[in-house]
Amino acid sequence: MIRLTNVEKTYDNGTHALKGISFEIADGEFVFLVGPSGSGKSTIIKLLTGEVLPSCGRVMINGFSMGRISDKQIPLMRRTLGVIFQDFRLINTKTVYDNLSLAMRAVGATTKEIQARIPYVLELVGLEGKEKRYPDELSGGEQQRVAIARALVNNPDTIVADEPTGNLDPNRSLEIMSLLERINALGTTVVVVTHEKSLVNRFEKRVIMIDEGNVVTDGAHSYEVREVQE
Amino acid sequence: MKHNFTYFAKEGVGNMFSHGFMSFAAIGVTVACLLIMGTFTLVAYNLNENLKDLQKENAVLAFVDDALTDEEAKALQSKLEKLPGVADCTFVSREEARDSYVEQYDEDDLYGDLEAEIFRHRYVLHMTDLELMGELRTQLEAVEGIDRVRADETISAGFITVRNIAGVISIAMIAVLLIVSVFIMSNTIKLTTFDRRDEIAIMKMVGATDGFIRWPFVYEGLLLGLCGAVIAFGLQWVLYTGMVKGVSNSDTMQLLKLVPFEGIWMPVALVFLGVGLLVGVGGSLTAIRKFLRV
């Protein structure tokens, strides 16, 4: 579960990115986080991944209180998350299999566990048979599927996707979003940050809209989002 | 994380080869620094050995009182040997002293008929440390049966000064070169680490601990340091052996005695290995610190 209570974030340069934001995402939910550039979405993602800590207020992520988290606990908190980025962030010098096994090694998985888990996850994202390929040899959509597989491979409680379809054409975007919906149906909480109204409208999930560091609307679905944004 | 050590080692070796040019640069830097440091240390070591030899030649002469019989003069030896700072003590009879004197002027018949009686029995004493010369002179003068002592304290003071200066310079140079080596190695590995900052960020994001990220770099540094040490040792061997040959074949430098490499290869190898590993691992740890703050 993710809970933000009166969270403020002011950076060292004085930017007041979040101004007392509050919302809660229950286990198993699928949530879109939308808002214009500079609205504070990225700061929320950074708070969720432990890259920045709140200046004030409370951030709870899967049982970890980010205000009081120690340096040693941050890796443990991150293991409850699977993060997907717009630019995929795959290691191009490693094969698909090695990109995934690295994520499993990082949390102490054994070779046996890795060998058992990776084929299952690759099948789940529709990349069976591409284990030995390098990211450069794959299309954008396939690379994002590898990134999703990497996010999933450690069986996280929550998937946080930061503009996962930003670099993809509409058809591939739809495929990726459908894949995330399927993952959500298996019980994983999914938080998607996106600009793409059409996708948000199509999936009719809970939408939290952020603007100027505040929550503008929460709980609306596709139609309301379009109305607010327009 | 025990089961991960094979993985860390594999990653370390893999990284070393996948960043071939930077690895080559890091090894090159280690070799250069070790060679400079090694050559300087060996020169300082040989200088010290040569000074020790010269020190041995700077003996103290203790002349025995004429009133003593030959037996009484020889009996002094055990007393003198027990004095603090005496490395060895040799009795030279008046006859031996005469012969030695005559030998120096063997082309001149004038000294051929010298009587041994005009010379005195004497002891030639070498010291464990030249700095004890003044003290030894006082003690010798206090021994009953010793009439006069000849000790050149000015020369010995000169040796001590040269030895001390050489010691200070070599320690300072070694320290400076060691710091420079770690700094250059660290910067070289920092460049390879910079190349992999995205990889490190990804590992951090999936929940890798700092230790997990650090170990492959430590292995890589260890291997780079080891390679550098082995290559530098080989080159040092060739260079030093060449230097020894050059000095022994030279007419002007024959006075210098260089210790053969076969006699000192073990400490040289151990120091190179130690410094190489220290520089490699130290450089890696310093380099990666910055990139772990994600």
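Since this is a predicted model, take the numbers as computed values, not measurements.

1. Things to note about the overall build of chain A
Secondary structure summary: chain A contains eight helices and ten strands in total. Counting every position in chain A, which comprises 230 residues, the buried fraction comes to 42%.

2. Some words on the overall build of chain B
Along the backbone of chain B there are nine helices and four strands. Element order for chain B, N to C, with α for helix and β for strand: α-α-β-α-β-α-β-α-β-α-α-α-α. Counting only residues that meet the buried cut, chain B has 29% of its 294 residues in that class. Within chain B, counting contacts between residues at least 6 apart in sequence, those at least 24 apart form 84% of the total.

3. Some details on the environment of A:Met209
Residues and elements named next belong to chain A. Note on placement: Met 209 falls in strand β9 (residues 206-211). On the basis of neighbour count, Met 209 is assigned to the buried category, with 22 C-beta atoms found within 10 Å. Residues Met 209 and Gly 35 lie 174 residues apart in sequence; the distance between their C-alpha atoms is 5.4 Å.

4. Focus on helix α3 (residues 70-81) of chain B
Residues and elements named next belong to chain B. Among the residues making up α3, those that are buried are Ala 73, Leu 76 and Leu 80. One side of α3 holds all its buried residues, which, seen down the axis, span an arc of 40°. Those residues of α3 that are exposed and angled more than 90 degrees off the buried face are Glu 71 and Ser 78. Contacts from the buried residues of α3 go to β1 (60-64), β2 (86-92) and β3 (122-127).

5. Focus: the sheet that holds strand β10 (residues 214-220) of chain A
Residue and element names in this part refer to chain A. The six strands lie next to each other as β6-β7-β8-β3-β9-β10, forming an open sheet whose pairing is mixed. Two strands close off the open sheet at either side, each with one partner strand: β6 (81-85) and β10. Averaged over all adjacent pairs, the angle separating strand axes in this sheet is 15°, with direction ignored. Bridge analysis of strand β7 (residues 158-162) against strand β8 (residues 189-193) gives five bridges, and the strand direction is parallel.

6. Side note on the interface of chain B and chain A
Facing 16 residues of chain B, the contacting portion of chain A comprises 18 residues. Elements represented by at least two residues in the side of chain B that touches chain A include exactly α1 (5-18) and α7 (197-205) of chain B. It is α7(B) that provides the largest number of residues to the side of chain B that touches chain A, a total of five residues. For the side of chain B that touches chain A, the class distribution of residues is nine nonpolar, five polar and two charged.

7. Digging into the sheet that holds β1(B)
Through backbone hydrogen bonds, the strands of a sheet pair up, either in parallel or in antiparallel fashion. All names here are of chain B. With respect to topology, four strands assemble into an open sheet ordered β2-β3-β1-β4, the strand pairing being antiparallel. Bordering the open sheet on either side are β2 and β4 (146-150), each of which pairs with just one other strand. On average, adjacent strands in this sheet sit at an angle of 20° to one another, irrespective of strand direction. Contacts from α3 reach β1, β2 and β3 within the one sheet, and its direction differs from that of β2 by about 175°.

8. Thoughts on the packing of helix α3 (residues 96-106) of chain A against helix α5 (residues 140-152) of chain A
Each pair of packed helices can be described by the angle between their axes along with the distance between the axes. All names here are of chain A. At a minimum axis separation of 9 Å, α3 and α5 run at an interaxial angle of 25°. Taken as axis vectors, α3 and α5 run roughly parallel relative to one another. In the packing of α3 onto α5, the handedness of the crossing is right-handed. Residues Val 96, Asn 99, Leu 100 and Ala 103 of α3 form the contact with α5, whose own contacting residues are Val 146, Ala 149 and Arg 150.

9. Some words on the environment of B:Val162
Residues and elements named next belong to chain B. Mapped onto the secondary structure, Val 162 falls in helix α6 (residues 153-195). Under the C-beta neighbour-count criterion, Val 162 is labelled partly exposed, with 14 such atoms within 10 Å. Residues Val 162 and Asn 48, 114 residues apart in the sequence, show an inter-C-alpha distance of 9.3 Å.

10. Thoughts on the confidence of the model for chain A
Overall, the predicted model of chain A reaches an average pLDDT of 90, with 96% of residues at or above 70. Throughout residues 225-230 of chain A the model reports pLDDT below 50, and contacts reaching past four residues in sequence, or to other chains, amount to 14 contacts.

11. Comments concerning the packing of helix α8 (residues 210-249) of chain B against helix α9 (residues 265-289) of chain B
All names here are of chain B. Between α8 and α9, whose axes approach to 7 Å, the crossing angle comes to 150°. In terms of axis orientation, α8 runs roughly antiparallel to α9. Regarding α8 and α9, the two cross each other, and that crossing is right-handed. Residues of the contact of α8 with α9, tallied by class, amount to 17 nonpolar, eight polar and two charged.

12. Things to note about α5(A)
Taking 1.5 Å as the rise per residue, α5(A) with 13 residues should run 18 Å; its terminal C-alpha atoms sit 18 Å apart, in good agreement. Packed against the buried residues of α5(A) are β6, α3, α4 (111-124), β7 and α6 (170-185) of chain A.

13. Looking at the confidence of the model for chain B
On average, residues of chain B score 82 in pLDDT, and 94% of them reach the 70 mark or higher. Here the predicted complex scores 0.67 on pTM and 0.82 on ipTM.

14. Thoughts on the environment of A:Gly140
On the secondary structure map, A:Gly140 appears in helix α5. Sequence-distant contacts of A:Gly140, defined by excluding residues within four places in its chain, comprise A:Asn167, A:Leu168 and A:Arg172.

15. As for unusual backbone geometry
Residue and element names in this part refer to chain A. Despite not being glycine, Phe 88 shows a phi value in the positive range, around 65°. Secondary-structure assignment places Phe 88 in the loop between β6 and α3. The phi angle at Arg 89 is positive, at roughly 50°, despite the residue not being glycine.

16. A look at the nonpolar core
A general trend in soluble globular proteins is that nonpolar side chains are found buried together. Membership of the largest hydrophobic core comes to 97 residues, with the highest contact counts inside it found for A:Leu33, A:Ala149, A:Ala161 and A:Leu180. With ten residues, α8(B) is the largest single contributor of residues to this core. Counting 16 residues, the second-largest nonpolar core is a separate cluster that includes B:Ala62, B:Leu76, B:Met127 and B:Leu130.

17. A closer look at the pairing of strand β4 (residues 56-61) of chain A
Residues and elements named next belong to chain A. Where strand β1 (residues 2-10) lies against β4, five bridges are found, and the strand directions are antiparallel. From the neighbouring strand, Arg 3 faces β4, where its bridge partner is Met 60. Pairing analysis gives two bridges linking β4 to strand β5 (residues 64-65), with the strands arranged antiparallel. Note that in β5 the partner of Met 60 across the bridge is Ser 65. Counted along the chain from β4 to the antiparallel partner β5, the turn is two residues long, and its residue Asn 62 has a positive phi close to 45°.

Calculation notes
- Residues numbered from 1 in each chain as written.
- Chains lettered and ligands numbered in written order.
- Predicted model: local features only at pLDDT ≥ 70, side-chain atom pairs only at ≥ 80, totals over all residues.
- Helix = DSSP H or I, 4+ residues; strand = E, 2+ residues; numbered from the N terminus.
- Buried ≥ 20, exposed ≤ 12 C-beta atoms within 10 Å, placed from the backbone.
- Contact = placed C-beta atoms within 7 Å.
- Arc of directions from axis to C-beta.
- Pairing = 2+ DSSP bridges.
- Axes fitted to C-alpha atoms, helices over the stretch in contact; angles between N-to-C directions.
- Nonpolar A, V, L, I, M, F, W, Y, C, P; charged D, E, K, R; others polar.
- Parallel < 35°, antiparallel > 145°, perpendicular 65-115°, else oblique.
- Left-handed = near helix turned anticlockwise from the far one by under 90°.
- pLDDT = per-residue confidence, 0-100.
- Expected span 1.5 Å × (residues − 1).
- Core = buried A, V, L, I, M, F, W, Y, C linked by C-beta atoms within 7 Å.

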